[in-house]
Amino acid sequence: MKNTKVVSQSSIAGTHGSDPCAEPATIVIFGASGDLTKRLLLPALWNLYCDNLLSDRFAIIGASNAELTTEEFRNNLTENIQDFSTRDFEPDRWAGFVKKFSYLVGNFGDPKLFKNIQAEIDKVSKENNTGGNVLYYTATPPVVFGLLARMIGEAGMNKSDKGWRRLIIEKPFGSDLESCVNLSKDILTHWEEDQIYRIDHYLGKETVQNLLTFRFSNGIFEPLWNKNYVDHIQFTVAERVGVELRGGYYDKTGVLKDMMQNHMFQMLAYLCMETPNSFQADAIRNEKAKLLEAVRIMEPQAVLEDCVRGQYGPGTDQNDEPMVGYRQAPDVNPESHTETFAAVKLHVDNWRWVGVPIYLRSGKALSRKYTEIVIRFKKAPEVLFRDTPVDHLEANELVFNIQPEQGIEIKFQAKVPGVSMHLQNVRMQFEYEDAFQAARGTGYERLIYDCMVGDATLFSRTDLVEQAWRIAQPILDVWRALPARDFPNYTAGTWGPKSANNLLARDGRAWRIID
Ligand code: BG6
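Read on for a plain summary of the structure. (Residues numbered from 1 in each chain as written. Predicted model: local features only at pLDDT ≥ 70, side-chain atom pairs only at ≥ 80, totals over all residues. Heavy atoms only, no water.)

Okay, the packing of helix α1 (residues 35–50) against helix α2 (residues 70–84) next. Between α1 and α2, the least distance of the axes is 9 Å, while the angle of their chain directions is 90 degrees. As far as their axial angle goes, α2 and α1 are roughly perpendicular. Between α1, through K38, R39, L42, P43 and W46, and α2, the contact on the second element is made entirely by L77, N80, I81 and F84. Considering only residue class, the contact of α1 with α2 consists of six nonpolar, one polar and two charged. (Axes fitted to C-alpha atoms, helices over the stretch in contact; angles between N-to-C directions. Helix = DSSP H or I, 4+ residues; strand = E, 2+ residues; numbered from the N terminus. Parallel < 35°, antiparallel > 145°, perpendicular 65-115°, else oblique. Contact = heavy atoms within 4.5 Å. Nonpolar A, V, L, I, M, F, W, Y, C, P; charged D, E, K, R; others polar.)

Here the focus is the sheet that holds strand β5 (residues 165–169). Strand order in the open sheet formed by six strands is β3-β2-β1-β4-β5-β6, with parallel pairing between adjacent strands. Of all strands in the sheet, those bounded by a partner on one side alone are β3 (101–105) and β6 (196–198). Between one strand axis and the next, the sheet turns through 20 degrees on average, direction left out of account. Two elements, strand β1 (residues 25–30) and strand β4 (residues 134–138), share five bridges in a ladder whose sense is parallel. Bridge pairing links I29 to Y137 in β4. (Pairing = 2+ DSSP bridges.)

Applying the stated criterion across every chain, the model contains 34 salt bridges. As a salt-bridge pair, D258 and K171 come within 3.3 Å of each other at their nearest N and O atoms. Here D258 is found in helix α9 (residues 255–272), whereas its partner K171 is found in the loop between β5 and α6 (177–190), with 87 residues between them in sequence. D463 is the salt-bridge partner of R461, the closest N and O atoms lying 2.9 Å from each other. Members of the salt-bridge network, linked through shared partners, are D231, D306, K345, R506, D507 and R509. (Salt bridge = Lys/Arg side-chain N within 4 Å of Asp/Glu carboxyl O.)

Taken together, K171, H201, Y202, K205, E239, R246, D258, M259, H263, K364, K369 and Q403 make up the full set of residues adjacent to the ligand. Taking Y202, its side chain carries an N or O atom lying 2.4 Å from an oxygen atom of the ligand. In the model, an oxygen atom of the ligand is placed 2.9 Å from a nitrogen or oxygen of the K364 side chain. Protein chains bury 80% of the 390 Å² of accessible surface belonging to the ligand in isolation. Looking at the shell around the ligand element by element, the count peaks at three residues for α9. (Near = heavy atom within 4 Å. Polar contact = N/O pair within 3.5 Å; in protein donor to acceptor, adjacent residues only side chain to side chain. Areas by Shrake-Rupley, 256 points an atom, 1.4 Å probe, with all protein chains shown as cover.)

Strand order in the open sheet made by the eight strands is β8-β12-β13-β7-β14-β15-β16-β17, with mixed pairing throughout. The open sheet has two edge strands, β8 (307–310) and β17 (423–431), and neither has a second partner. Taken over all neighbouring pairs, the strand axes of this sheet differ in orientation by 15 degrees on average, direction set aside. Bridging between strand β7 (residues 230–238) and strand β13 (residues 358–363) involves six bridges; their strand directions are parallel. Within β13, the residue paired with T236 across the bridge is R361. Lying over the sheet, helix α7 (residues 206–217) contacts β14 (370–377), β15 (397–403) and β16 (407–415), oriented at roughly 145 degrees with respect to β15. The strands touched by helix α14 (residues 462–481) are β8 and β12 (341–346); relative to β8, the strand with the most contacts, the crossing angle is about 60 degrees.

Counting buried residues in β1 gives six out of six residues, a clear majority hidden from the surface. Taking every second residue as pointing to the same face, both faces of β1 are buried, with A25, I27 and I29 on one and T26, V28 and F30 on the other. With six bridges connecting them, β1 and strand β2 (residues 58–64) associate as parallel partners. Bridging from a neighbouring strand, V28 pairs with I61 of β2. What joins β1 to β2 is α1, and the crossover it makes is right-handed. (Buried < 20%, exposed > 50% of the residue type's maximum accessible area, 1.4 Å probe, protein only. Right-handed = clockwise from strand over helix to strand, strands pointing away.)

This is how it looks when you write it as structure tokens:
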């Protein structure tokens, strides 16, 4: 199907040209000299600035323990933006942007740092007429999220009569159910729920946001969206790269915590939740929470039967060059039992989805980088085609291409032209880049913008993160109790261990082949 070309006003941030700019504010970035800031936050803020989505009345304070002056910090940012920007560098414009940054050095456990930050907030808020609004961003290792929330609270910087105070918390939120519950408790001692914005960068992706729009703005799909028509659902989040230099973090984490418990469960909630009453933040988050509550919590026996784990051994990288195995990567235990691949079969025990298996798989060092969601429908009755050359029918598929290709396709069967009855699979396809002129951003633009306008729709609430851990916890428990004996069990550059295919094959199904 050929697309009608829609010439949109979209900017890099993916927002529409007529969008109002965010509210005036001072942004305080903890961990301002780190990787996340330079790779993602800085380019995202720059994109917002260039697209006129930041108010003129803003200032940014960086804080970390790296010994830097404000001038050195700004010089570093000027180098970083040229490496990581998703748009062209415009020196004149940049000069106006970078002078909004200042920097403070200190230890996150030291009250003196928070005194200095408060003094700097007072100063830059006045200079920039921010109205007193302050957004704190924890671009730090997860171990200090709780500490930062407490230190800001104890310094009295979490509330004010003048303007709002909001806190963006990065992922992962906790490392298991217990630590997640404790972290929530710590943070909620000093912060109200509506001040907390827990980030999941997958929800910043246009293609993920479009799941809701697709379902609820098109009348033709909703009647099919249930056990009567859907045979099963597949989620694949495949990465081509291995663990690279993140071994220290990853070896304590594994793919179940790193990708499934957060990004994939969020997408699952969007895809399968009931219709919300409105697009208000809590209407959507309530439905997401209800959906996650309906996911069956696995008994140990179910974990053994329905969950597969893998770890990559040596193989090849995307350039067909040799790639070391996971256990040989820097900072990884040479006898590590951490999984770099997982495939699980979930059940959603509600009226809409009972009996429809949902298969999720994710891994590092797989054959290619690819994220997709496949809805496979029930087949039409083959019996109609008896006495024709057609010996079987294929099931229809609706596929959401999340990344790197971005689009939606529908697979169906068409008659091959000719005098006899032969069928062939064909596809109807929509591609974002054909239909819209939006340039690519980092995914963080929308999330920072939303926080600055007080829209929490794309952020996780306490009950949502806790429920996601409740689903993952029994799998983690069984895997911890029974370390895998066969690791490494797949070659880098392949589609993971054979057992992942068996998980579906034993149900008479197969993963969609990604070419
Ligand atoms: C992060 C994980 O949350 O998501 C990384 O910690 C992973 O391990 C990354 O590589 C993948 O994000 P994306 O947007 O490239 O799919």
